[in-house]
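Next come the chains, spelled out residue by residue.
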Amino acid sequence: VQLQASGGGLVQAGGSLRLSCATSERFFSEYTVGWFRQAPGKAREFVAAISWGGVTTYYADSVKGRFTISRDNAKNTVPLQMNNLKPEDTAVYYCAADLPVGQRVGVHAFEYDYWGRGTLVTVSS
């Protein structure tokens, strides 16, 4: 499964960006998808995840109420809408996918087998 994250850029604090995770994988609708980020000098951390059917979503506490993950299985995309961005959101953002066991939605990087290249988000103060 090849994934492509896009939509990153430079934005001022309080602004918004919409990232997208896209793939040509035929059965993408069967995959759980997660977004992770890695800031300079820090470990990769979980941001948000969505179940294969789009019914279940999880968010890191640091982004709850500001970020929204969704999916369009017809277009094979999983957007991440990011509002009220803060300088501490600055990081490279990665999307990842995995075939779940039942309804499980992973919130750890080791639970995902497929990763795309990241897209850089920079939030200026």
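Relevant structure appears above.
Quantities reported herein were computed from a predicted structural model and do not represent experimental measurements.

(A) Just the pattern of salt bridges, in detail. Overall, the coordinates contain five salt bridges when judged by the stated rule. Of the charged contacts, one joins Glu45 and Arg37 as a salt bridge, the two residues approaching to 2.6 Å between their closest N and O atoms. A relative accessible area of 36% places Glu45 in the partly exposed class. Arg66 is the partner of Asp89 in a salt bridge, and the nearest nitrogen-oxygen pair spans 2.7 Å. On the criterion of sequence distance, the pair formed by Asp89 in the loop between strand S8 (77–82) and strand S9 (91–98) and Arg66 in the loop between strand S6 (57–59) and strand S7 (67–69) is long-range, its members being 23 residues apart. When its relative accessible area of 9% is taken as the criterion, Arg66 is described as buried. Each of the salt bridges in this network shares a partner with another, and the network as a whole consists of Arg37, Glu45, Arg66 and Asp89.

(B) Layout of the environment of Ala49. With respect to the element layout, Ala49 can be found in strand S5 (residues 45–50). Ala49 sits in the buried class, given a relative accessible area of 0%. Taking the C-alpha atoms as reference points, Ala49 and Val78, 29 residues apart in sequence, are found 9.7 Å from one another. When near neighbours in sequence (up to four residues on either side) are disregarded, Ala49 contacts Val33, Gly34, Thr56, Thr57, Tyr58, Ile69, Val105, Gly106 and Tyr112.

(C) Geometry of the state of the cysteines. Evaluated as defined, the whole model comprises one disulfide. Between Cys21 and Cys95 runs a disulfide, and the two sulfur atoms are separated by 2.2 Å. Linking Cys21 and Cys95, the disulfide has an S-S dihedral of approximately 70° and is accordingly described as right-handed. Here Cys21, found in strand S3 (residues 17–23), pairs with Cys95, found in strand S9; they are 74 residues apart in sequence, far enough to count as distant. Of the two residues, Cys21 and Cys95, neither departs from the other in class, the shared state being buried.

(D) Region of the structure containing the packing of aromatic side chains. If you walk through the whole model with that rule in mind, you get six aromatic pairs. Here Phe36 and Tyr112 contribute two aromatic rings whose centre-to-centre distance is 5.4 Å and whose plane-to-plane angle is 75°, an arrangement assigned as edge-to-face. A residue pair is termed long-range when its members are at least 10 positions apart, and Phe36 in strand S4 (residues 32–38) and Tyr112 in the loop between S9 and strand S10 (114–115) qualify at 76 residues. Ring plane angle 50° and centroid distance 5.1 Å describe the contact between Phe36 and Trp115, whose orientation is recorded as tilted. With Phe36 in strand S4 and Trp115 in strand S10, this residue pair connects regions lying 79 residues apart in the sequence. Ring pairing ties together the aromatic residues Phe36, Phe46, Tyr112 and Trp115, which thus form one cluster.

Analysis parameters
- Residues numbered from 1 in each chain as written.
- Predicted model: local features only at pLDDT ≥ 70, side-chain atom pairs only at ≥ 80, totals over all residues.
- Heavy atoms only, no water.
- Salt bridge = Lys/Arg side-chain N within 4 Å of Asp/Glu carboxyl O.
- Buried < 20%, exposed > 50% of the residue type's maximum accessible area, 1.4 Å probe, protein only.
- Helix = DSSP H or I, 4+ residues; strand = E, 2+ residues; numbered from the N terminus.
- Contact = heavy atoms within 4.5 Å.
- Disulfide = S-S within 2.5 Å.
- Phe/Tyr/Trp six-rings, centres within 6.5 Å; stacked < 30°, edge-to-face > 60°.

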